[in-house]
Amino acid sequence: MTKESVIRLCVVVGFIALVEGLCRTGVIGATVMTAPSQMASQLLRVLAAGTYNHDIAFSFINIVCAAVLAVVAGFGLGVVIHSLPRLRQALEPLLSSYYAVPTFIFYPVFIVLFGVGHGSIIAIAVLLAIVAMITATLSGLDRIPAVLRKTARVMRLSRARTALAIELPAALPHLFGGVKLAVAYAFIGVIASEFILSGAGMGYAIAYAYNQFDNANMYALMLLVLLSVTLVNGLLNHIDRRLQRRQQR
Amino acid sequence: MRLLPNVILLLVLLALWESLHLAVGPSAMASPWATAARLASLLAQADTWRHIGATASAFAWSLLLACVGGVALGMLLGLNAMAGNVAEPILMNLYALPKVTLYPLVLLCFGLGLGSKVAFGVMHGLIPILLFTMNALRHLPPVYMRSARSLRLAPWQTAWHILLPAIAGEVLAGIRLGFALTLLGVLIGEMFASQKGLGYLAMTAMGAGDIATLLAIALLLTCFAVTGNALLLRVGRHLEHP
């Protein structure tokens, strides 16, 4: 373990201990926030009892579907756009200002189109995540060193072989940056849509608990979302670091 | 002629919108023309301007706080390599977290109204600005710091006269992203915890199934966001090639 990660661990543990202390001494009232230890024990209790299993499964199915769709479609569209420079030039203003558009406002339109359920939630999450993947694909393909393509020509590789054996591995670290963003946006899109309007899912369960003043369950679920994001992020970062290291070798 | 691709893009988007409208019917998707007409009638009402004013003031405060806080914290973390390395994964994690989850907490801390809207906007916009500033400073050629030292500048002079101009382009790229996310944060804030603002207006339209009004608000916000983005892009290009 590096010195940095030891310090980071200390900072996080210290912060949790501080919040725990403030909650236990009553500086932060029980109506505002429950202590981290209580959040954890309540989370274990509801997980063991299976109260929210349906909501958790609902959310994770949405997140996985949205992330996979966004990554696959984003990569495909990115490759197509990259091969058509005129189209790319026309799309450039759209891509550069895409995230300025508050996508969530179109959620009701999707509800009318797909109904309340998996469809509309996945659609909004894909809409949010896909452009990050397209942009990453474009910049990944842009940054393949010219010498690699020349090598492919020297070796007389076919177009398909060049794409699979040369271009894809060379662009992979950039593509993975897009995957990381797409997963993060899929999380955000799914949980936020469920929060706004849905009949199931973790976002819905948090909103429901909030409306019922059910702080114990609300904070347990918030902890669950925080933990899942951290875990998924940590895993993706780990893979990312390995890819980067391979690139530098 | 330089604008030709943009015009074509706009026309294609309008055509897609119109065909979607024809495909699913007016109850699911109002036509571009109906949306524009609805927007015009909304803008003629004094009540709408009250909502726009509420959103604008919340957005202005959030953006100001996010920019100042993001740049200041980013500079601190960027200059101290150790602190930066410690903080970066934590910040990336916070960036990826669906911040709606923390909404009840914000509401319980700041109450209904302007405070929680601004807090929510800052939560969305501050981290990207911070990360961009921090990374720009980390990749700054050491000659800048050396010249600051040889001129014996005070820390604030170094920051203001040397560091900020050197990283202005990256900071602006961060602010461009922060601008979009702050707007998103303020709108989501208004959707749940407000009796005023465009987010509230959109939420009521959503509840009433009034698609034309909803799309009119979305159109207004999109125009505002795209204009702001284009302006920031232009300033950015000017900074890079003055």
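Residues numbered from 1 in each chain as written. Chains lettered and ligands numbered in written order. Predicted model: local features only at pLDDT ≥ 70, side-chain atom pairs only at ≥ 80, totals over all residues. Heavy atoms only, no water.

Peer 1: How do you make sense of the nonpolar core when you look at a structure like this?
Peer 2: Ranked by internal contacts, the top residues of the largest apolar core, which has 131 residues, are Phe 104, Tyr 185, Ile 206 and Val 225 of chain A together with Leu 91, Leu 198 and Ile 217 of chain B. With 15 residues, helix H8 (residues 155–193) of chain B is the single largest residue contributor to this core. If we ignore the near neighbours within four places in the chain, the residues touching Ile 206 of chain A are Phe 195, Met 218, Leu 221, Met 222 and Val 225 of chain A together with Thr 101 and Pro 104 of chain B. In this structure, Val 109 of chain A together with Trp 17, Ile 211 and Leu 215 of chain B belong to the second largest nonpolar core, which totals 6 residues. (Core = buried A, V, L, I, M, F, W, Y, C linked by side-chain atoms within 4.5 Å. Buried < 20%, exposed > 50% of the residue type's maximum accessible area, 1.4 Å probe, protein only. Helix = DSSP H or I, 4+ residues; strand = E, 2+ residues; numbered from the N terminus. Contact = heavy atoms within 4.5 Å.)

Peer 1: Help me understand the packing of helix H7 (residues 143–150) of chain B against H8 of chain B in this model?
Peer 2: Residue and element names in this part refer to chain B. Contact geometry of H7 with H8 gives a least axis separation of 11 Å together with a crossing angle of 160°. When the axes of H7 and H8 are compared, the pair comes out roughly antiparallel. Relative to H8, the crossing made by H7 is right-handed. Of the residues in H8, those touching H7 at Tyr 144, Met 145, Ser 147 and Ala 148 are Thr 158, Ile 162, Leu 163 and Ala 166. Class assignment for the residues of the contact of H7 with H8 results in 6 nonpolar, 2 polar and no charged. (Axes fitted to C-alpha atoms, helices over the stretch in contact; angles between N-to-C directions. Parallel < 35°, antiparallel > 145°, perpendicular 65-115°, else oblique. Left-handed = near helix turned anticlockwise from the far one by under 90°. Nonpolar A, V, L, I, M, F, W, Y, C, P; charged D, E, K, R; others polar.)

Peer 1: For this particular structure, what's the right way to read unusual backbone geometry?
Peer 2: Trans is the prevailing form of peptide bonds, just as negative phi is the prevailing case for residues other than glycine. Even without being a glycine, Arg 156 of chain A presents a positive backbone phi close to 55°. When you line up the elements, Arg 156 of chain A lands in the loop between helix H7 (146–154) and helix H8 (159–196). On the accessibility criterion, Arg 156 of chain A (76% relative accessible area) is exposed. Phi is positive for Arg 152 of chain B, which is not a glycine, with a value near 50°. Tracing the backbone shows Arg 152 of chain B in the loop between H7 and H8.

Peer 1: Teacher, can you tell me more about the UniProt feature "domain: ABC transmembrane type-1" (unreviewed entry) in chain B here?
Peer 2: The sites that UniProt annotates as "domain: ABC transmembrane type-1" (unreviewed entry) are residues 52–232 of chain B. For residues 52–232 of chain B, helix accounts for 87% and strand for 0%, while the C-alpha atoms at its two ends are 21 Å apart. (UniProt positions renumbered as here; feature names shortened; annotations may be inferred.)

Peer 1: Would you mind going over the environment of Thr 162 of chain A with me for this structure?
Peer 2: Residues and elements named next belong to chain A. As for its position among the elements, Thr 162 is in helix H8. When the C-alpha atoms of Thr 162 and Thr 151 are compared, they prove to be 9.5 Å apart, with 11 residues separating the residues in sequence. If we skip the residues at most four places from it in the chain, Thr 162 touches Ala 152, Leu 157 and Glu 167.

Peer 1: So what exactly am I meant to see when it comes to the interface of chain A and chain B here?
Peer 2: Accessible area lost on assembly of the parts is the figure often given for the size of an interface. Across the boundary between the two partners, chain A contributes 48 residues, which contact 50 residues of chain B. At the boundary of chain A with chain B, total buried surface from both sides reaches about 4300 Å², with 81% on carbon and sulfur atoms. Its largest share of buried area at the contact with chain B, chain A owes to Arg 8, Ile 105 and Phe 195 of chain A, together 14% of the area lost on that side. Inspection of the region where chain A meets chain B yields 0 salt bridges. Counting residues per element, the ones that place at least two in the side of chain A that touches chain B are helix H1 (3–24), helix H4 (85–97), helix H5 (107–114), H8, helix H9 (202–211) and helix H10 (215–248) of chain A. Of the residues that constitute the side of chain A that touches chain B, the class distribution is 37 nonpolar, 8 polar and 3 charged. (Buried area = accessible area lost by both parts, 1.4 Å probe. Salt bridge = Lys/Arg side-chain N within 4 Å of Asp/Glu carboxyl O.)

Peer 1: How should I be thinking about the UniProt feature "transmembrane region" (unreviewed entry) in chain A in this particular structure?
Peer 2: All names here are of chain A. Per the UniProt entry, the sites bearing "transmembrane region" (unreviewed entry) are residues 12–36, 56–81, 93–115, 121–141, 182–210 and 216–236 in this numbering. In residues 56–81, the share of helix is 100% and the share of strand is 0%. The end C-alpha atoms are 36 Å apart. With 57% helix and 0% strand, residues 93–115 has its two end C-alpha atoms placed 32 Å apart.

Peer 1: How should I be thinking about the UniProt feature "domain: ABC transmembrane type-1" (unreviewed entry) in chain A in this particular structure?
Peer 2: Under the UniProt annotation, the feature "domain: ABC transmembrane type-1" (unreviewed entry) is placed at residues 56–236 of chain A. Taken end to end, residues 56–236 of chain A has its terminal C-alpha atoms 21 Å apart, with 85% of it in helix and 0% in strand.

Peer 1: Looking at this structure, I do not really get the pattern of salt bridges. What am I missing?
Peer 2: Where charged atoms from two side chains of opposite charge come close, those side chains can pair. Going through the model one piece at a time under the given rule, you end up with 8 salt bridges over all chains. Across the pair Asp 240 of chain A and Lys 180 of chain A runs a salt bridge, and its minimum N-O distance is 3.0 Å. Linking Asp 240 of chain A in helix H10 with Lys 180 of chain A in helix H8, this pair joins segments that are 60 residues apart in sequence. For Arg 138 of chain B, the salt bridge is made with Glu 88 of chain B, and the minimal N-O distance between the two is 3.1 Å. One end of the pair, Arg 138 of chain B, is in helix H6 (residues 114–138); the other, Glu 88 of chain B, is in helix H4 (residues 81–96), with 50 residues separating them in the sequence. Under the relative-accessibility criterion, Arg 138 of chain B is labelled partly exposed at 28%.

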